[in-house]
Amino acid sequence: MKKFDKDKQLRKLHNKKNNSNTKIISIVLSITILVGAIIYFTFARFESNTIFNLIGGTVTTKYKTISQTMLKLASQESNDLGYDGTSTLGQYGTEDNNLRYIGADPSNYIYFNCSTSDISKMNSATCEKWRIVGLFNNIEDENGNKSSRIKIIKDEILTATDSEYNAYAWDSSAESVNIGFGINQWGESTYEDGTTYEGADLMRELNTDYLGNTTVGTNGKWYDSTNNSKNEDMPTSTLNTNAQNMIQTIKWNTGSNEPNSSNNIYAKNLYQWERSNNTGKVCTDSGSKHCSDTVVRTTSWIGKVGLIYPSDYAYATYNGNADDRLNCLSLKIAKWYNEGSSEGKDCSINSWIRDVNFPIFTLTAYSDGDESYNSYEAYGVFRIDNRGHIIDNASYYVSGDHAAQTYGIKPVVYLKNEILIIDGNGTSANPYKLSLK
């Protein structure tokens, strides 16, 4: 019979316990490592979808916001992008230092207002082409929150299917008001007696009918000329639910120019005036029939759909290098379209916002204040014509009814910050495809 060795048995029991603890620790450690690996590779996979991949000199942008895409391209010194407030532009820049697409035809195309949310089915048949104007800083939304926001513009003018071109008015009025030529107040306001002024005809049309809530064009027609004429067919295309879900309601600046300054301005002046307290009504003759409306002018408006600014056109110019752009921005705008001069002749043709086929209305009211031009003191508005003119005379009636010249409408909106670029490279042949997060 073996003698019971108490000390030996205690040692075995102790070792067994230690081995068991070691196994438990080993299992826990293994599980911890496994979970950590899963988490790591999950996030690594997610991160891989948000990294820019350089392939053959192009940038594939998946799961990046438009802002991130533009900033990344700008960091690579893309010729399609330029800031408007850097030291390079000096006194000709803006305090907001916005990042814009520049040149005659940059790669800033997007598919928008698509009939499908399926990325694989987005094409020229299911979507409209719009273009990114730029990334704008200090843009305030309807709640007063400032942020950097993306602004886009429709590539083609609004029109009805049965017409090659529809001449929609910015505003129109009864013959007894500003001789029927309309009122250059974009947003809602009041009359001097305190009653409500609904706003310009086009503002109301774009922010009701164009958003699918037919209110103004109840007879299928939009305003098109003087004396409240309403003869143009409403545009066939409206913004559908997919597009509207991507749009941010923001505070738009609707300031006007300083009177008597039409031929003495630079790009920076346009930008400053748009954000000023100047209004588009400066009546030198209180009894003038050209200035008879009693609408109180405002210099801001909160809404969804607006128009392009004159400064957007000016700051989009670029002719291949920074010196050329600086040259244009250091010239008075009046010299941009001086066809008899070599100075500045390329400035207007190298801004992609100019439409070579049609003059287009802008959001900014125009006033002169000179009695010799009193016809334009209450119903003037800046326009960009197909030659690149912004200012040469005061012939921009909001009614669009002057010397048989009519103006096109290109809607402009700001996108919500969470919009992602899923596919595309921004060219006309392969526009960016967008999605909400």
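Scope of this entry: the structure provided in the associated data block. (Residues numbered from 1 in each chain as written. Predicted model: local features only at pLDDT ≥ 70, side-chain atom pairs only at ≥ 80, totals over all residues. Heavy atoms only, no water.)

Here we look at the overall build of the protein
Across its full length, the protein holds 7 helices and 20 strands. Put simply, the protein has 437 residues, and 49% of those count as buried. Looking at the protein alone, contacts between residues at least 24 apart form 65% of all its contacts between residues at least 6 apart. For the protein, the accessible area works out to roughly 20300 Å², and carbon and sulfur atoms hold 48% of it. (Helix = DSSP H or I, 4+ residues; strand = E, 2+ residues; numbered from the N terminus. Buried < 20%, exposed > 50% of the residue type's maximum accessible area, 1.4 Å probe, protein only. Contact = heavy atoms within 4.5 Å. Areas by Shrake-Rupley, 256 points an atom, 1.4 Å probe, with all protein chains shown as cover.)

Observations concerning the nonpolar core
Phe-112 and Trp-186 are the most contacted members of the largest nonpolar core, which totals 83 residues. Looking at this core element by element, the count peaks at 6 residues for strand S7 (residues 128-140). Not counting residues within four places of it along the chain, the set of residues in contact with Phe-112 comprises Cys-127, Glu-128, Trp-130, Ile-152, Leu-239, Ala-243, Met-246, Ile-247, Val-413 and Leu-415. Of all hydrophobic cores here, the second largest spans 7 residues; its members include Tyr-111, Ile-119, Cys-127 and Ile-422. (Core = buried A, V, L, I, M, F, W, Y, C linked by side-chain atoms within 4.5 Å.)

Points about the sheet that holds strand S3 (residues 64-65)
Strands sit in the order S3-S19-S20 across an open sheet of 3 strands; the sheet is antiparallel. Edge strands, defined here as strands with exactly one partner in the open sheet, are S3 and strand S20 (433-436). The sheet contact formed by S3 and strand S19 (residues 419-423) spans 2 bridges and is antiparallel. Bridging across to S19, Thr-65 finds its partner in Leu-420. (Pairing = 2+ DSSP bridges.)

Quick notes on helix H7 (residues 322-329)
Turning to H7, its buried residues are Arg-325, Cys-328 and Leu-329. The buried residues of H7 occupy an angular sector of 95° when projected down its axis, which confines them to one face. Where H7 is buried, its residues touch strand S4 (81-83), helix H5 (267-274) and helix H6 (310-315). (Arc of directions from axis to C-beta.)

What to know about empty space enclosed by the protein
Throughout the structure, instances matching the rule amount to 2 cavities of 30 Å³ or more. The space that makes up the largest cavity amounts to roughly 80 Å³. In this structure, the largest cavity is lined by 14 residues; those nearest its centre are Asn-184, Gln-185, Trp-186, Thr-254 and Thr-298. Among the residues making up the lining of the largest cavity, the classes are represented as 4 nonpolar, 9 polar and 1 charged. Reported here for the second largest cavity is a volume of approximately 40 Å³. Lining the second largest cavity are Thr-65, Ile-66, Ser-67, Ile-150, Leu-415, Lys-416, Asn-417 and Ile-419. Here the residues of the lining of the second largest cavity sort into 4 nonpolar, 3 polar and 1 charged. (1 Å grid on protein atoms, 1.4 Å probe; cavity = no way out; pocket = protein on both sides within 12 Å on 5 of 7 lines; lining within 4 Å. Points joined across faces, edges and corners; volume = space filled by probe spheres on them. Nonpolar A, V, L, I, M, F, W, Y, C, P; charged D, E, K, R; others polar.)

A short note on the pattern of salt bridges
For the coordinates displayed, the defined rule picks out 13 salt bridges. With its nearest N and O atoms 2.8 Å apart, the salt bridge here joins Arg-100 to Asp-312. One end of the pair, Arg-100, is in strand S5 (residues 99-101); the other, Asp-312, is in helix H6, with 212 residues separating them in the sequence. Through salt bridges with shared partners, one network takes in Asp-84, Arg-100, Lys-151 and Asp-312. (Salt bridge = Lys/Arg side-chain N within 4 Å of Asp/Glu carboxyl O.)

Here we look at the pairing of strand S16 (residues 360-366)
Of all 7 residues making up S16, 7 are buried, and the element is well covered by its neighbours. Where S16 lies against strand S17 (residues 380-384), 4 bridges are found, and the strand directions are antiparallel. Residue Tyr-366 lies in a different strand from S17, and its bridge partner there is Gly-380.

A look at the side chain of Lys-154
With respect to the secondary-structure elements, Lys-154 resides in strand S8 (residues 146-154). The buried charged residue Lys-154 lacks any salt bridge partner; its closest oppositely charged side chain belongs to Glu-128, at an N-O distance of 4.5 Å. Within the structure, the side chain of Lys-154 is placed 3.2 Å from the backbone oxygen of Glu-156, a separation counted as a polar contact. For Lys-154, the contacting residues outside a window of four places in its chain are Glu-128, Lys-129, Trp-130, Tyr-210, Lys-410 and Pro-411. (Lys, Arg positive; Asp, Glu negative; His and termini not counted. Polar contact = N/O pair within 3.5 Å; in protein donor to acceptor, adjacent residues only side chain to side chain.)

Considering H5
Where H5 is concerned, the buried positions are Ala-267, Leu-270, Tyr-271, Trp-273 and Glu-274. Taken around the axis of H5, the buried residues stretch over an arc of 165°, which confines them to a single face. Those residues of H5 that are buried are in contact with S5, strand S14 (250-253), H6, H7, S16 and S17.

Honestly, that's just the spatial picture; any functional story needs more than this.
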